[in-house]
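Structure at a glance
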Amino acid sequence: MRGTEVVSVRGDDDDVFSRGFLCPKSQGLKQLNEDPDRLTRPLVRRDGELVEASWEEAFAEVDRGLGAVLEAGGRNAVAVYLGNPSAHSLGPMLYGPAFLKALGSQNLYSASTVDQMPKQVASALMFGTGLSVPVPDVDRTDYLLILGANPLVSNGSLLTAPDMRGRIRAIQERGGKVVVIDPRRSRTANEASEHHFIRPGTDAALLLGIANVLLDEDLSDPGELAEHTNGGDGITELAVPFSPEAVAPLCGIDADEIRRIARELAGADHAAVYGRIGTTTQSFGTLASWAVDVLNYLTGNLDREGGAMFPLAAVAQRNSAGRGPTGRGARLGRWSSRVRGLPESFGELPVACLAEEITTPGDDRVRALVTIAGNPVISTPDAASLQTAVEDLEFMVCVDIYVNETTRHADVILPAPEPLAKAHYDFALYQLAIRSVANYSPPVIPRAPEQPDEWEVVLRLASIAAGQGPDADLEAWDKLVLETLIQRDIALPGSRIEGRDAGELLDALEPRRGPQRMLDFMLRAGPFGDAFGADPEGLTLDKLEAAPHGIDLGPMRPRVPDVLRTPSGKIELAPEQIVADVPRLRTALEAASGNGKAKANGIVLIGRRQLRSNNSWMHNLPALVKGKDRCTVWVNPDDAERLGLADGGQARVSSSAGELTAPVEITAEIMPGVVSIPHGWGHDAPGARLSVASEHAGVNSNLLAPTEVDPLSGNAVLNGIPVEVAPAG
Ligand SMILES: Nc1nc2c(c(=O)[nH]1)N[C@H]1C(S)=C(S)[C@@H](COP(=O)(O)OP(=O)(O)OC[C@H]3O[C@@H](n4cnc5c(=O)[nH]c(N)nc54)[C@H](O)[C@@H]3O)O[C@H]1N2
Ligand SMILES: Nc1nc2c(c(=O)[nH]1)N[C@H]1C(S)=C(S)[C@@H](COP(=O)(O)OP(=O)(O)OC[C@H]3O[C@@H](n4cnc5c(=O)[nH]c(N)nc54)[C@H](O)[C@@H]3O)O[C@H]1N2
Ligand SMILES: [Mo]
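Residues numbered from 1 in each chain as written. Chains lettered and ligands numbered in written order. Predicted model: local features only at pLDDT ≥ 70, side-chain atom pairs only at ≥ 80, totals over all residues. Heavy atoms only, no water.

**Observations regarding the pattern of salt bridges**
- In the structure shown here, the tally under the stated rule is 42 salt bridges.
- Residue E52 pairs with R41 through a salt bridge whose shortest N-O separation is 3.2 Å. Note that E52 is positioned in strand 2 (residues 49–52) and R41 in the loop between helix 1 (28–34) and strand 1 (43–46), a separation of 11 residues in sequence.
- Assessed through its relative accessible area of 54%, E52 is described here as exposed.
- Take R41: its relative accessible area is 31%, and that puts it in the partly exposed class.
- D530 is the partner of R524 in a salt bridge, and the nearest nitrogen-oxygen pair spans 3.1 Å.
- Classification of R524 by relative accessible area gives buried; the value is 12%.
- Residues participating in the shared-partner salt-bridge network are R512, D520, R524, D530, D542 and E545. (Salt bridge = Lys/Arg side-chain N within 4 Å of Asp/Glu carboxyl O. Helix = DSSP H or I, 4+ residues; strand = E, 2+ residues; numbered from the N terminus. Buried < 20%, exposed > 50% of the residue type's maximum accessible area, 1.4 Å probe, protein only.)

Below you can see the structure in the form of structure tokens.
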């Protein structure tokens, strides 16, 4: 920093967790700070144009627009979409729930249903909460089986572990093995000991094939965990039809290889199976997510050092709140989407339903949309339909930093401060981290003049949704949100502040306000906290502020049974809902048997997450888009020849949802029968204000994604989409 100018962005070598490792995207932060397209003043639509307005005018307009829709159509007429950055920003994380509660709409959507919802549903059914996700203990394992993840590019997801390249090399250096299952030879696959192409969407069958071998050859040994588990016997029966010979034609992996992988997995001293977005954004997402942990269990590696373990976070973790092992369990299917009748998960509906909820007439039809840090027009399926649908809305308000493909349709855009101007503590990532870590970063630069903090924007929206108008008493709202949290915690049996006096705790948090006060409370009441005096050595925000490189709280430790929150107090290895979906997988298996060849001729589409992209929104930063255009269709040489495609030529790719044209790259890194297009592109929309991104527009791959979902979780099927590919032009 020089004054308020950002000079450079560097890693912190003394950081207790990252040790200075930085993702290349971090270099974008400086350019984001300088980006003239980044919004610093609200925009309001006047005579069809988005023009600058004061904050007061903007909130008055939101009050008018949302108020009118609420009055005419009721609560469900307003839908909300929470995008990915909102899960990593204190304002929406801490105050978003107050806004949603004030609004009271069942039409809540988020990026979760184009991402990890299947893992959350499987985890909730098996372990009791949606974020009870076992994480591979990569620093102590000897065998890591990775399916559908590319942590060398993504930096690890549902697995917070900086520098996965170094950690993967370390496994191999200590004599261990890393095996990658992916329809593409990814960077991670290149670093691995072994890589197998897999036909997209077939991971659940492969995993059950491995389970079949473990059980058939008597290699399964869950050890002491069996005492804490229901349904273990049921697995044997479920796995019977999935012999390696039966699943091989579907998955495209030889039966002998499947047997060998199963034996090596069982034979390793410490092994972990890890599945990520390739295993969730597919038709059998929940089954695959479940089967990953069935294997961790069968091999005796669940909740064991070097296996797949439950992290313990310093704040906000449901599975360390109160007392285990019994709990309320999964909260799923309490209501359904109006048009297709798809079930809710953890309070939200599948975003694949959003367009039809806007366009289909009837009571409770969505007439207004609030987006917070999301670009659903690019990032969610059947993009063309959603695009048309949002044009049809009566009112739309976006909390965002750009006029992009989604926000260009807004009536009001409320800018958020840039990341460097916000305090940061990553609630979500720490719940999935291979070590318990706490690190708080205060804002490093001041906010733009008059720019409220993001939590203040969210609370004003809450006040408007509650019918209290735009001039909310933020101090009172802030206190109310905090008090609700405190009351819940002191009433919770087994909580570290059970029975304490709320007033006394509030006083102890003085003079902080806003997210800092909330965070201080959560740290202190959390598992490592000072419990407001009970453990003076424990964490407080003061302590974190005095430790700018973070505080390391140790490696993962076994947590069963206390971590469980299922009604039975046991691990549910064969939850009823999941077992009921296995026949659908058997049908796919039977369809592939015998005519595997015919099936393999059909081309399917997968995505390709890129190192210098962050889903759809970092393409306006010159450092991250320079070089040759990256939005290309990858085609295997055999397919290219058969289809008459030339490297550098154009291909027309079409699916049941739509079609697009993009340049071809021929490469043996993609499996025959599979093509790959990265998501997050398509920045040539009229009215968007993305001067750099529009020069590297690319195409939106989600024009091809149909609104099909994994039935258990409502997650969109973004991988394994049947397509036709032909030369264009
Ligand atoms: N085909 C296909 N589609 C995919 C995926 C895929 O693999 N394949 N991946 C999916 C996944 S995993 C995800 S998470 C989603 C992501 O989809 P979304 O959650 O919709 O996220 P983005 O498209 O990245 O858009 C983020 C928005 O937030 C804004 N923004 C950035 N920082 C801030 C901030 O601090 N505050 C506010 N208020 N706004 C901010 C940006 O300008 C942008 O408009 O995409 C999904 N879509
Ligand atoms: N640089 C960068 N980092 C990011 C992001 C980004 O956009 N850019 N996005 C962030 C977000 S929001 C998320 S959710 C995470 C995601 O993190 P990861 O899950 O690691 O994401 P991907 O790199 O997309 O890896 C998914 C892999 O699955 C493969 N795959 C596709 N279909 C199948 C299938 O059916 N079976 C199997 N076995 N594999 C399949 C793909 O080829 C790909 O290699 O990354 C985060 N980190
Ligand atoms: Mo994501």
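**Let's talk about the sheet that holds strand 25 (residues 721–727)**
- Spatially, six strands are ordered 20-24-21-23-22-25 in a closed barrel, and the strand pairing comes out mixed. Pairs of neighbouring strands in the sheet enclose a mean axial angle of 45°, with direction left out of account.
- In this sheet, strand 23 (residues 659–666) lies alongside strand 22 (residues 650–654) in antiparallel orientation, the contact comprising five bridges. In the strand pairing of strand 23, R652 is matched with T661. (Pairing = 2+ DSSP bridges. Axes fitted to C-alpha atoms, helices over the stretch in contact; angles between N-to-C directions.)

**A look at a positive patch on the surface**
- On the surface, R318, R328, R331 and R488 cluster together to form a positively charged patch.
- In this fold, R328 is placed in the loop between strand 11 (308–309) and strand 12 (332–336). (Patch = residues over 30% accessible without salt bridge, like charges linked within 9 Å, V, L, I, M, F, W, Y side chains within 5 Å. Areas by Shrake-Rupley, 256 points an atom, 1.4 Å probe, with all protein chains shown as cover. Lys, Arg positive; Asp, Glu negative; His and termini not counted. Charge placed at Lys NZ, Arg CZ, Asp CG, Glu CD.)

**Overview of the nonpolar core**
- By size, the foremost hydrophobic cluster in this structure holds 106 residues, and its most contacted members are F99, L414, Y425 and F521.
- If near-sequence neighbours (up to four positions away) are discounted, F99 is found in contact with V80, V370, I372, V458, L461, A462 and A465.
- Within the second largest apolar cluster, 61 residues are counted, among which are I181, C251, A262 and Y297. (Core = buried A, V, L, I, M, F, W, Y, C linked by side-chain atoms within 4.5 Å. Contact = heavy atoms within 4.5 Å.)

**Considering the site of ligand 1**
- With respect to spatial proximity, 30 residues lie near ligand 1, and among them N84, S379, D400, N404 and S616 are the closest.
- Side-chain polar atom of K422 to an oxygen atom of ligand 1: 2.8 Å apart, as the coordinates give it.
- For ligand 1, a nitrogen atom lies 3.4 Å from a polar atom in the side chain of H679.
- The set of elements that each furnish at least two residues to the shell around ligand 1 consists of helix 15 (376–379) and strand 15 (395–400).
- Each residue belonging to the shell around ligand 1 can be placed in one class, and the counts come to 13 nonpolar, 12 polar and five charged. (Near = heavy atom within 4 Å. Polar contact = N/O pair within 3.5 Å; in protein donor to acceptor, adjacent residues only side chain to side chain. Nonpolar A, V, L, I, M, F, W, Y, C, P; charged D, E, K, R; others polar.)

**Comments concerning the side chain of D489**
- Among the secondary structure elements, D489 is positioned in helix 19 (residues 474–490).
- For the buried D489, which has no salt bridge, the nearest side chain bearing the opposite charge is R488, at an N-O separation of 5.6 Å.

**Some remarks on the pairing of strand 25**
- For strand 20 (residues 603–606) and strand 25, the ladder comprises three bridges, and the chain directions are antiparallel. Looking across to strand 25, one finds that L605 is bridged to I721.
- With four bridges connecting them, strand 22 and strand 25 associate as antiparallel partners. Paired with S654 across the strands is E724, a residue of strand 25.

**Description of the pairing of strand 15**
- The element strand 15 is largely enclosed, with a buried count of six among its six residues.
- Where strand 14 (residues 368–372) and strand 15 come together, five bridges link them in parallel fashion. Bridging from a neighbouring strand, I372 pairs with V399 of strand 15.
- Here strand 15 pairs with strand 16 (residues 412–415) via four bridges, running parallel. The residue bridging V397 from the neighbouring strand is V412, located in strand 16.

**Considerations on the domain arrangement of the protein chain**
- When its domains are assigned, the protein chain resolves into domain 1 (1–34), domain 2 (39–115 + 329–424 + 440–469), domain 3 (137–315 + 567–577), domain 4 (473–549) and domain 5 (602–727).
- A C-alpha centroid distance of 30 Å is found between domain 1 and domain 5.
- At the interface, five residues of domain 1 touch 10 residues of domain 5.
- Of the roughly 680 Å² buried between domain 1 and domain 5 on both sides combined, carbon and sulfur atoms contribute 79%.
- On the domain 1 side of the contact with domain 5, P24, K25 and Q31 bury the most area, a combined 69% of that side's loss.
- At the junction of domain 1 and domain 5, the tally comes to one residue pair in polar contact (both at pLDDT 80 or more).
- Residues of the side of domain 1 that touches domain 5, tallied by class, amount to two nonpolar, two polar and one charged. (Domains from an automatic or database assignment. Buried area = accessible area lost by both parts, 1.4 Å probe.)

**Quick notes on the site of ligand 2**
- Around ligand 2, the surrounding shell holds 30 residues, and the nearest of these are S154, D182, G201, D203 and S613.
- Measuring from a nitrogen atom of ligand 2, one finds a backbone N or O atom of V153 at 3.4 Å.
- In this structure, I277 approaches ligand 2 through a main-chain N or O atom, which is 3.1 Å from an oxygen atom.
- Here ligand 2 has 920 Å² of accessible area as a free molecule, and 94% of this is covered by the chains.
- Within the residue set of the shell around ligand 2, elements represented by two or more residues are helix 5 (151–154) and helix 12 (277–280).

**Regarding the environment of H409**
- Inspection of the secondary structure puts H409 in the loop between strand 15 and strand 16.
- Taking relative accessible area as the criterion, H409 reaches 14% and is therefore assigned buried.
- Placed 231 residues apart in sequence, H409 and A640 show a C-alpha to C-alpha distance of 39 Å.
- Setting aside anything within four residues of it in sequence, one finds H409 in contact with R45, Q387, V390, E391 and M396.
- Within the structure, the side chain of H409 is placed 3.4 Å from the side chain of Q387, a separation counted as a polar contact.
- A polar contact of 3.4 Å, which involves the side chain of H409, links it to the side chain of R408.

**A word on the sheet that holds strand 16**
- Read from one edge of the open sheet, seven strands run 2-1-16-15-14-3-4, paired in mixed fashion. Of all strands in the sheet, those with a lone pairing partner are strand 2 and strand 4 (108–110), marking the two edges. The average undirected angle you get between the axes of adjacent strands in this sheet is 20°.
- Looking at chain direction, strand 3 (residues 78–82) and strand 4 are connected through three bridges and run parallel. Following the sheet pairing, V80 is matched in strand 4 by L108.
- Against the sheet, helix 2 (residues 55–73) makes contact with strand 1, strand 3, strand 14, strand 15 and strand 16, and its axis sits at roughly 130° relative to strand 16, the strand it touches most.

**Considerations on the packing of aromatic side chains**
- Considering all chains together, one arrives at six aromatic pairs under this definition.
- Judged by centre distance (5.0 Å) and plane angle (80°), the ring pair of F127 and F310 falls under edge-to-face. Highlighted residues: F127 in helix 4 (residues 117–127) and F310 in the loop between strand 11 and strand 12, separated in sequence by 183 residues. F310 shares its class with F127; the two are buried.
- Put simply, the rings of Y425, F427 and Y430 pair up and form one aromatic cluster.
- In this structure, R460 is placed above the aromatic ring of F59, and the distance from its NZ or CZ to the ring centre is 5.9 Å. (Phe/Tyr/Trp six-rings, centres within 6.5 Å; stacked < 30°, edge-to-face > 60°. Lys NZ or Arg CZ within 6 Å of the ring centre and 35° of its normal.)

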